[in-house]
Amino acid sequence: MNKSIHFSGQPTFCQLINLIPKEIIANAANEFQSDRYYKKFNTFHHLVTVLFSCFGNCSSLREVVTGMGAMEGKLASSGIRHLPTRSTLADANAKRSSDVFERIYLALREHFQRLFPDSPNSQEQLYILDSSVITLFQEIFKGSGSSCSDGRRKGGLKVHMAVPVYEQTPVVMHIGDGADNDLVFHKYLTLPPGSTAIFDRGYRSYPQFNFWTDMDIRWITRLNERSHFIVLEEKTIVKKQKKAGIQKDIVVILGFPQSKTQQVNARIIHYKDPHKGRHLKFLTNDMTSEPNKIAELYAKRWNIELLFKRLKQNMPLQYFLGDNKNAIRIQIWCALIADLLLNLVRKHVKRKWAFSSIANLVRLHLFNYMNLF
């Protein structure tokens, strides 16, 4: 008789679903009245169905419906009582507001944040801002770039995120057209005083820079080569700083003198990577920190690129379950919820596993009776 301790009384998928507190879903559904016109396919059933497509890497409504139908008996322990048809799922994706899934994600993130014991207890609140474009087969969201010679073009959506450096899960996210300028994200973004924003040159906005400075928010980015500035002071570079790659440290006023409303007091740091030989120019409103500290903080921006890569590789974001904006937003929010649940599992397993290994293991054993932890 097999006495392995790695088996469980519930399928893997049901164990993941049961990690979600039911009151979080109920509170969000009540706030947005998302169950008002539904008799059976409520918000909980909708969430579980889209999460099934995320964990199972489904690419169509038919795959989702038939896959869940084949496992109807094993879904009972997850709380599912009614399996959707394709038309029911398609209608819900089009009509149930994606805002309820956004609220569920943010509530789950806050709930699980206490369960990550190895998160650094740093007093620095560092946020990385960036965006990633997802190409669509239809022009549901307006894609960037020019049309083909025959007039046809694909759509595209742009996902903007603000991600704490030490958590790798977004606290603010905006989904817009792929053709949108990165600056549209500023109006959805609120950072706490005393925090630090790290971003690339796409988010350059002099009024926003001044607003953050007034709010006691430090910002770090790279200098646009077309920026005009006046040098006020050139700081002395000591031997230790030169060894770390610092070549120049100057205090400047950005902008043209005739446009006083578009001028910014800033600091430019010229840096040469000692290992790769790359020349970089950092721009910041931090006038006191060591220049090599600014370079080290900007290097943390790579963490958000790893997040985008993780989502695109492990979640089914190449194919969407609807041809409307609301359905696409729902699937992206549910992909973030699935990513959050897998991260929770990865943090608590007895041995260190890569995220992709956990995701593949779950997909292959979605309805096997395996103890996740």
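Above: the structure in question.
Note that the structure is a prediction, hence the values are computed from the model and not measured. (Residues numbered from 1 in each chain as written. Predicted model: local features only at pLDDT ≥ 70, side-chain atom pairs only at ≥ 80, totals over all residues. Heavy atoms only, no water.)

Section: the environment of S34
Among the structural elements, S34 can be located in the loop between α2 (22-32) and α3 (43-56). Residue classification places S34 among the buried positions, given a relative accessible area of 9%. Residues S34 and Q10, spaced 24 residues apart in sequence, show a C-alpha to C-alpha distance of 29 Å. Those residues in contact with S34, other than ones at most four positions away along the chain, are A29, T43, R96 and V100. (Helix = DSSP H or I, 4+ residues; strand = E, 2+ residues; numbered from the N terminus. Buried < 20%, exposed > 50% of the residue type's maximum accessible area, 1.4 Å probe, protein only. Contact = heavy atoms within 4.5 Å.)

Some remarks on the packing of aromatic side chains
Two descriptors summarise a pair of aromatic rings, namely the distance from one centre to the other and the angle between the planes of the rings. All told, the structure shown has 13 aromatic pairs when counted by the stated rule. Here the aromatic rings of F199 and W212 are separated by 5.6 Å at their centres, their planes lie at 50 degrees, and the arrangement is tilted. Of this pair, F199 sits in strand β4 (residues 196-199) while W212 sits in helix α7 (residues 206-214), and the two are 13 residues apart along the sequence. Each member of the pair, F199 as well as W212, is classed as buried. Seen from their ring centres, F209 and W219 are 4.1 Å apart, and the 15 degrees between their planes marks the pair as stacked. A residue pair is termed long-range when its members are at least 10 positions apart, and F209 in helix α7 and W219 in strand β5 (residues 218-222) qualify at 10 residues. Since its relative accessible area comes to 1%, F209 is described here as buried. An aromatic cluster is present here, built from F185, F199, Y203, Y206, F209, W212 and W219 joined pairwise through their rings. (Phe/Tyr/Trp six-rings, centres within 6.5 Å; stacked < 30°, edge-to-face > 60°.)

Comments concerning the nonpolar core
L51, F55 and M161 are the most contacted members of the largest nonpolar core, which totals 85 residues. Top contributing element to this core by residue count: helix α11 (residues 325-348), with 14 residues. When sequence neighbours within four positions are dropped, the list of residues in contact with M161 reads I128, L129, D130, P170, V172, M173, F185, I304, L307, F308, L311 and L336. The next biggest cluster of nonpolar side chains, apart from the first, holds 23 residues, and it includes Y203, W219, L254 and V264. (Core = buried A, V, L, I, M, F, W, Y, C linked by side-chain atoms within 4.5 Å.)

With respect to α2
For α2, the full list of buried residues reads I24, I25, A28 and A29. Down the axis of α2, the buried side of the element spans an arc of 125 degrees, and every buried residue falls inside it. Turned more than 90 degrees away from the buried face of α2, the exposed residues are E23, N27 and N30. Next to the buried residues of α2 lie α3 and α6 (99-113). Just past α2, the residue Q33 takes up positive phi, approximately 50 degrees. (Arc of directions from axis to C-beta.)

Examining the pattern of salt bridges
Tallying each qualifying case throughout the model produces 12 salt bridges. Across the salt bridge formed by D182 and K158, the nearest N and O atoms sit 3.2 Å from each other. Of the two residues, D182 is situated in the loop between β3 (172-177) and β4 and K158 in strand β2 (residues 155-164); the sequence distance between them amounts to 24 residues. The pair D182 / K158 is uniform in exposure class, with both members buried. Two residues, R301 and D200, come together in a salt bridge whose shortest N-O distance is 3.9 Å. With R301 in the loop between α9 (291-299) and α10 (302-314) and D200 in the loop between β4 and α7, the pair connects residues that are 101 residues apart, well separated along the chain. On the basis of relative accessible area, R301 is assigned to the buried category, the value being 15%. Connected through salt bridges with shared partners, the residues D130, D200, R301 and E305 form a single ionic network. (Salt bridge = Lys/Arg side-chain N within 4 Å of Asp/Glu carboxyl O.)

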